[in-house]
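Observations on chain architecture
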Protein chains: 4
Amino acid sequence: MAHNHYDVAIIGGGVIGGSIAFQLAKRNVRTIVLEKERIASQASSAAAGMLGAQSEFASDSPLISLALKSRAMFGQVAEELKQLTGIDIGYVQKGMLKVAVTEEEQKSLQEQYKFWRKMGQPVQWLSASELASLEPNVNPTLKGVMYIAEDGQVSAPHLSLAFAKASMAYGAQWHEFTEVIDIKEQGGLYELRTNQGVIAADAVVVAGGAWSALFLEKTGLSLSVYPVKGECLLVKTEKPLIQATLFAKNGCYLVPKRGGRILIGATSTPHTFDQKVTVQGVTHLLEKAQELVPSIGGAELEKSWAGIRPQTKDGLPYIGKHPHYQNVWIASGHYRNGILLSPLTGVLIADLVEGKGRGELDITPFAVTRHHDAISTV
Amino acid sequence: MAHNHYDVAIIGGGVIGGSIAFQLAKRNVRTIVLEKERIASQASSAAAGMLGAQSEFASDSPLISLALKSRAMFGQVAEELKQLTGIDIGYVQKGMLKVAVTEEEQKSLQEQYKFWRKMGQPVQWLSASELASLEPNVNPTLKGVMYIAEDGQVSAPHLSLAFAKASMAYGAQWHEFTEVIDIKEQGGLYELRTNQGVIAADAVVVAGGAWSALFLEKTGLSLSVYPVKGECLLVKTEKPLIQATLFAKNGCYLVPKRGGRILIGATSTPHTFDQKVTVQGVTHLLEKAQELVPSIGGAELEKSWAGIRPQTKDGLPYIGKHPHYQNVWIASGHYRNGILLSPLTGVLIADLVEGKGRGELDITPFAVTRHHDAISTV
Amino acid sequence: MAHNHYDVAIIGGGVIGGSIAFQLAKRNVRTIVLEKERIASQASSAAAGMLGAQSEFASDSPLISLALKSRAMFGQVAEELKQLTGIDIGYVQKGMLKVAVTEEEQKSLQEQYKFWRKMGQPVQWLSASELASLEPNVNPTLKGVMYIAEDGQVSAPHLSLAFAKASMAYGAQWHEFTEVIDIKEQGGLYELRTNQGVIAADAVVVAGGAWSALFLEKTGLSLSVYPVKGECLLVKTEKPLIQATLFAKNGCYLVPKRGGRILIGATSTPHTFDQKVTVQGVTHLLEKAQELVPSIGGAELEKSWAGIRPQTKDGLPYIGKHPHYQNVWIASGHYRNGILLSPLTGVLIADLVEGKGRGELDITPFAVTRHHDAISTV
Amino acid sequence: MAHNHYDVAIIGGGVIGGSIAFQLAKRNVRTIVLEKERIASQASSAAAGMLGAQSEFASDSPLISLALKSRAMFGQVAEELKQLTGIDIGYVQKGMLKVAVTEEEQKSLQEQYKFWRKMGQPVQWLSASELASLEPNVNPTLKGVMYIAEDGQVSAPHLSLAFAKASMAYGAQWHEFTEVIDIKEQGGLYELRTNQGVIAADAVVVAGGAWSALFLEKTGLSLSVYPVKGECLLVKTEKPLIQATLFAKNGCYLVPKRGGRILIGATSTPHTFDQKVTVQGVTHLLEKAQELVPSIGGAELEKSWAGIRPQTKDGLPYIGKHPHYQNVWIASGHYRNGILLSPLTGVLIADLVEGKGRGELDITPFAVTRHHDAISTV
């Protein structure tokens, strides 16, 4: 690999890096993506693909406006990516059922319901008979069910691959198996030393998910991004058991996929990069799933895996400028909203890199410098 | 499994059985599919998915009108299946390039070209510069290239699964791991003894691909269907190398699939049910592929497999009535045109079963009794 | 495949067919094995490999003497197969712990203990402290633990493959993907029509496991062999959690394998050939395993599968002559003792085929004609 | 993960790190192994397992005495590891055939033959008829064949796993998915910052294979270790085609493995961490293999993979002290002799760490400081 020069180098080839590459390449920015393994080999392909812009929030958060806006982009994104790459991202708009299993969860679900009513976003409280008629296979003894019509879903691996391939169609370069070891600034130019040679770029975007913090330490920045392992299962049913995504307050969810499949997710084990699918993790998911949809017991276990999601101390992603460098940008820490937020994050970072105003969206809550500890480690 | 009674029992859950089940179930016929392994676990999922209604023929054949008619159905089939099942069958209409590598092949290709011109179906002879501009990665030293705009392609596994799931959506039952051991007629009712109990049906359709002959012997019918093993490879390229399917006269073909994949097929080993992918088979395919598209050498080998396709003595499928039984129908022996012919075969058999007239299509050339040897073995 | 003539044709290439082929080929009998899929592709490779000659019995049974005798052969078999094929069959002699979880199981376990004491075979009742010192990771609240020092274990897939390869080393032929469709006798010679041609042999052995009954019906014999699906799991632990096999009275067992693996088996679903691993099956196994060894919760789930074991009405295998044919022999229905009984079954059938006396073992309890219903179906 | 303190921390859990851990733990040294992925997930498991102490050398090299000595350890190592872990490392002593395909290779092979005769190590030049009788399936038109009786082979994945498990049996700790980011010395104690917490140790061993150089840069050391990708295939034959390993002068080799398998290796692509198996790589290996053993064409392709081997500028591994630190040791760059040299490297490094004399072996040629460029980068 020769000593190449690009407008922008993106570190990380997951769904966030891919969406940014797509936006930049589309705007004729010469872009390279440096991925230490393969395209979307980590959390992006492990994700369930829920677009939970409402289901993820029960009270005010600066993330809500981003989430709603990003969710609204998927119809157009699906079409554009299909056009450019032939890949169907599996965008399904059959809504989400947020459900309560215990009395306590019921209360909390009602709070969430009130919150969204107040926000003026469509939510619906389902009676037992409404649930039975909509989803006859769901456990009828649930303590509460809220229907969120607009929280759709996509296939996360297809979306991630499609962003990558679409960016290539617009001219972006992708280097897999390329780990960035060091970054040096020299006269406004950044030199990235990798395990496969040196890359030079005018600007750099760090989109390394749970691995971002490790790299950023080399730039004198201690970022509060930490890994949260999530185990998932895929099962195959003969006939579709559910139409909408089922999301229990306890964190377990069932996402109906094509061909009668149901994705069951996810456990949450913080502070580990270990990707082993454990006996206790699988037991937990299978028990919870059968609690929600008893007849899933007859389904076939097809696959299991774990993904390492990037969480932050306050639960908000980092989207913004590196405090010590002029043209280094950070987009990391999307936790389990990475798929949902990817289209908008791509646009936001592309705008920042190009020096455009941020438009109507306020992204200061996502600034890297919002914490005291997110400062120079030197 | 209880002693159940259906209108129609279909033996074989591949793309042909699935398409027939889909048509019947859609017409409110109570249908069961008996599959000895899993849905589309054999040739249907192994196929490359080319819709070679023109590329497969170089002279007159009774199959041509079926092939053209079936090919024309795919646009509507793709939409209908997506609607019913959410599955995208990967229908791509970027045409096919039939190519000649040797002088001899060139002559034969020119004959084929003339044939289709005479038939009034669109074909185009490409000059070297036209080829270079359309497909810059194709070997420029080819001896001849004919472009067939209408010979598209689909994803064979997705099509097969979608037919099955769509038939279920209309109420068809599917029993996997169910092998039919014997058939008995009793007062116009057929009893199928399986390894998992007895099924009764008013009519039976045999759609067992290369395995049909084995079953039909139990009905006193010796059918000239024999297996032809075909080995295939799937490779991954960083950027799409070809747009159209590339089909060499020597039998090797490259079919561009989603996400930068290229399917390379297929060897032809007759008279074996062996599904092993051999060293010599893979060597042959890889050498031929690099001859056609030299830069495919850098692609990643992702997968290899073999499928057992059902060939017949005269190369025509069997579509018609069992000579000894009133309501037993046969749809087998589609060789490498099973994907292409599946939509129409579904309609034809459903019409036969329902006693409808055949419409404008003459299917007598596909009658089971067309050979002397296809008669009673008793 | 030409029209070949062998001394003996064995139908079924599992551990039983392989052991018989090994014995016959070793004695210079020209042997062919006809396997409809691949070598040991079904129950033989799915098995846990326990040699439970004592653990499987709690009262008198004609099978006990065979089981003890066959178990005693493994030391020598392991050595011989390693010598001939290089394959280590993983023979481990660390004993088995049969455990009771409930009061009821405790009583039943005590009965079993008394039975073996009376039989004069080594068994030992472990106190809580003995258990704790032998197996510190086993749940200390178990209601009873019996140690069977001699019930070792092997790797079932390795044993099955080693028998096959050892038989080949002695000259046996193996044809995979070869399904026998029909059998005809002509002047003392048997013609087996297969999907890949005709094979002639002076004698035939049916060793098709759960599939034997289907084939034997073609010979006018209705055998009470039926399939019992068993689901299994393989997990990986960092450090070995158990030394001995752990076998709960409720049917769940944990077999320690090389490299820190533990095989967890098995569910029992009778009368199905379905090989799907189900949500409820996996849940059951994982819950039971954690009950026995709580710290297995941290292990990694590596693999899951199902095998179809051949059970008979009275729980005894069929080992003997076909009632209607002179030189057709049957060895089927070993249920979950197939691995254990394979060495001896090979010797017994080889002796029968060669017309040798049976020696000291009485095999009349395993005769095919022991049931009223195992007679001519014609 | 708490702030733990160990005697020795080993960075890298491949066959070298595992062998060192095994030796240290056996000597009661409190040892931890930090592996960024899984045990032996890279080159160690990708290797063919040839013990080519003679085949790898054709002229004098300081490595020869190490290679011969390490090869001689395998008999005892195999037994010890089997005892401790139950794992059979597949040690086979059927020798190696080094073969020449061209006239040029023949000359070079003769030189190698003379060299080893002079060295007094057993080699044998085989005549065509000797070859034909020893290995009837080998191409009889080869230009020259040298038999090296003592160059055996093992199963590389089994050896690597067995070292790891044996070290654990002696008390060593292993942390997978643990990447070391930084090293700090403080009062003679080393603090290793990892992605999963901090580890403290009195001494550190760097055994990271091709990844060692990346880590060592953080210690101010630029080491000339670079990656060389090697693609491999595994094929399955019905009957064993070869007894000895076949090693062509052109770099292609065929290693007979258990159960009729043959491992075909290996391509050599320097300076890439890319692990993709390419169309051209597979084509090359398959063509070469069929040149050596024509009947391998009928074998089944079972698996393909690539490993990243650590090569150095002068082809010698680094075994010795870190120039800037008192108790940091390096064992890296074994290229394709890592399996062969692993037992001895374990002993050598354990001796160094413990401050023992080096015995009779001179390891100064492997000193880290032997090159001008292997010095401080600061």
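Residues numbered from 1 in each chain as written. Chains lettered and ligands numbered in written order. Predicted model: local features only at pLDDT ≥ 70, side-chain atom pairs only at ≥ 80, totals over all residues. Heavy atoms only, no water.

The name an unreviewed UniProt entry assigns to chain A is glycine oxidase, from the organism Anoxybacteroides rupiense. A UniProt comment under Pathway (unreviewed entry) is attached to chain A, and it reads "Cofactor biosynthesis; thiamine diphosphate biosynthesis." (UniProt positions renumbered as here; feature names shortened; annotations may be inferred.)

**Examining the overall build of chain A**
Per the secondary structure count, chain A includes 10 helices and 17 strands. Its C-alpha atoms give chain A a radius of gyration of 21 Å, within 12% of the compact-globule value 21 Å for 378 residues. In terms of overall dimensions, chain A has a C-alpha envelope of 70 × 40 × 40 Å along the principal axes. For chain A, buried positions account for 61% of its 378 residues. Roughly 13600 Å² of accessible area belongs to chain A as shown, and the carbon and sulfur atoms make up 49% of that amount. (Helix = DSSP H or I, 4+ residues; strand = E, 2+ residues; numbered from the N terminus. Rg over C-alpha atoms; globule rule 2.2 N^0.38 Å. Buried < 20%, exposed > 50% of the residue type's maximum accessible area, 1.4 Å probe, protein only. Areas by Shrake-Rupley, 256 points an atom, 1.4 Å probe, with all protein chains shown as cover.)

**A look at the pattern of salt bridges**
Considering all chains together, one arrives at 76 salt bridges over all chains under this definition. Notably, a salt bridge pairs Glu111(B) with Lys114(B), separated by 3.7 Å at the nearest N-O pair. Taken together, the residues Glu111(B) and Lys114(B), both in helix α5 (residues 103-119) and 3 residues apart, mark about one turn of the helix. Where Asp151(D) meets Arg71(D), a salt bridge forms, and the shortest distance between an N and an O atom there is 2.5 Å. (Salt bridge = Lys/Arg side-chain N within 4 Å of Asp/Glu carboxyl O.)

**Description of the domain arrangement of chain A**
Residues and elements named next belong to chain A. Once the domains are mapped, chain A shows domain 1 (4-48 + 157-224 + 314-370) and domain 2 (96-149 + 226-312). The gap between the C-alpha centroids of domain 1 and domain 2 is 30 Å. Summed over both partners, the interface of domain 1 with domain 2 comes to about 1600 Å²; 59% of that surface belongs to carbon and sulfur atoms. Of all residues in domain 1, the largest losses of buried area upon contact with domain 2 belong to Ala48, Ala210 and Tyr335, amounting jointly to 39% of the total for that side. (Domains from an automatic or database assignment. Buried area = accessible area lost by both parts, 1.4 Å probe.)

**Details of the relation of the copies chain D and chain B**
Mapping chain D onto chain B leaves a residual RMSD of 0.0 Å; the transformation is a rotation of 180 degrees accompanied by 0.0 Å of translation along its axis. Taken together, the rotation and translation relating the two chain copies correspond to the operation of a two-fold axis. Judged by C-alpha distance, Thr283(D) is the residue of chain D that lies nearest the rotation axis, at 3.0 Å. Counting the interface residues of chain D, we find that 100% of their copies in chain B are interface residues as well, pointing to one common contact surface. (Least-squares fit on C-alpha atoms with pLDDT ≥ 70 in both. Contact = heavy atoms within 4.5 Å.)

**A short note on the interface of chain A and chain C**
Taken residue by residue, the interface counts 19 residues in chain A and 19 residues in chain C. Between chain A and chain C, a total of about 1600 Å² is buried, with carbon and sulfur atoms accounting for 60% of that surface. Connecting chain A to chain C are 2 salt bridges. The closest approach of N and O atoms between Lys276(A) and Glu238(C), which form a salt bridge, is 3.9 Å. The interface formed by chain A and chain C includes 10 residue pairs in polar contact (both at pLDDT 80 or more). If you list the elements that add at least two residues to the side of chain A that touches chain C, you get α9 (279-292) and β15 (300-312) of chain A. (Polar contact = N/O pair within 3.5 Å; in protein donor to acceptor, adjacent residues only side chain to side chain.)

**Details of the environment of Gly281(B)**
Residues and elements named next belong to chain B. For Gly281, the position within the fold is in helix α9 (residues 279-292). Here the alpha-carbon distance between Gly281 and Glu231, two residues 50 residues apart in the chain, equals 6.6 Å. Ignoring sequence-local partners within four residues, the contact set of Gly281 consists of Glu231 and Thr267.

**Concerning helix α9 (residues 279-292) of chain D**
The terminal C-alpha atoms of α9(D) lie 20 Å apart, and with 14 residues this matches the ideal 20 Å at 1.5 Å per residue to within 8%. Buried within α9(D) we find Val279(D), Gly281(D), Val282(D), Thr283(D), Leu285(D), Leu286(D), Ala289(D), Gln290(D) and Leu292(D). (Expected span 1.5 Å × (residues − 1).)

**Considerations on the environment of Ile339(D)**
All names here are of chain D. Locating Ile339 in the fold gives a position in helix α10 (residues 338-354). With 183 residues separating them along the chain, Ile339 and Ala156 place their C-alpha atoms 6.6 Å apart. Ignoring anything within four residues of it in the chain, the contact list for Ile339 reads Val15, Ser44, Ala47, Gly49, Leu51, Phe74, Val154, Ala156, Leu159 and Ser160.

**Regarding the UniProt feature "domain: FAD dependent oxidoreductase" (unreviewed entry) in chain A**
Per the UniProt annotation, the sites labelled "domain: FAD dependent oxidoreductase" (unreviewed entry) are residues 7-352 of chain A. Taken end to end, residues 7-352 of chain A has its terminal C-alpha atoms 14 Å apart, with 32% of it in helix and 28% in strand.

**Digging into the relation of the copies chain A and chain C**
Taken together, a rotation about one axis and a shift along it account for how the two chain copies relate. Aligned on chain C, chain A shows an RMSD of 0.0 Å; the corresponding rotation is 180 degrees and the shift along the axis is 0.0 Å. Of the interface residues in chain A, 100% have counterparts in chain C that sit at the interface too, so the contact is made through matching surfaces.

**Some words on the packing of aromatic side chains**
Residues and elements named next belong to chain A. This model, assessed by the stated rule, comprises 32 aromatic pairs over all chains. Centroid distance Phe22 to Phe163: 5.9 Å. Interplanar angle 45 degrees. Geometry classified as tilted. Separated by 141 residues along the polypeptide, Phe22 in helix α1 (residues 15-26) and Phe163 in helix α7 (residues 156-169) bring together distant segments of the chain. As far as burial versus exposure is concerned, Phe22 and Phe163 are alike and both buried. Both rings, one in Tyr113 and one in Trp125, keep their centres 5.6 Å apart while their planes meet at 65 degrees; by these two values the pair is edge-to-face. With a gap of 12 residues between them, Tyr113 in helix α5 (residues 103-119) and Trp125 in strand β4 (residues 124-125) connect regions that are remote in the sequence. Chaining the aromatic ring pairs together yields one cluster made of Phe22, Phe163 and Tyr170. (Phe/Tyr/Trp six-rings, centres within 6.5 Å; stacked < 30°, edge-to-face > 60°.)

**Points about the confidence of the model for chain A**
Looking at chain A, the pLDDT average stands at 94 and 97% of residues meet or exceed 70. Considering only residues more than four positions removed or in separate chains, one finds that residues 374-378 of chain A, a stretch of pLDDT under 50, has 15 contacts. (pLDDT = per-residue confidence, 0-100.)

**Observations concerning the interface of chain D and chain B**
The figure often quoted for interface size is the accessible area lost as the parts come together. Taken together, the contact between chain D and chain B spans 19 residues of the former and 19 residues of the latter. At the surface where chain D touches chain B, the tally comes to 2 salt bridges. If you look at where chain D meets chain B, you find 10 residue pairs in polar contact (both at pLDDT 80 or more). Mapped by element, the contributors of at least two residues to the side of chain D that touches chain B are α9 and β15 (300-312) of chain D. Ranked by the residues each element gives to the side of chain D that touches chain B, the list is headed by α9(D), at 7 residues. Classifying every residue of the side of chain D that touches chain B by side-chain character gives 8 nonpolar, 7 polar and 4 charged. (Nonpolar A, V, L, I, M, F, W, Y, C, P; charged D, E, K, R; others polar.)

**Notes on unusual backbone geometry**
Generally, phi is negative for residues other than glycine and the peptide bonds are trans, each holding for most cases. The linkage connecting Gly265(A) with the following residue, Ala266(A), adopts the cis geometry, with an omega of -25 degrees. Secondary-structure assignment places Ala266(A) in the loop between β13 (261-265) and β14 (269-270). Notably, Ala40(A) is not glycine yet its phi reads approximately 50 degrees, a positive angle. Turning to its location among the elements, Ala40(A) is positioned in the loop between β2 (31-34) and α2 (43-46). The exposure class assigned to Ala40(A) is buried, which follows from its relative accessible area of 5%. Unlike most non-glycine residues, Phe177(B) shows phi in positive territory, near 55 degrees. Position of Phe177(B) among the secondary structure elements: in the loop between β6 (173-175) and β7 (180-186). Of the residues examined, Phe177(B) reaches a relative accessible area of 8% and is grouped as buried.

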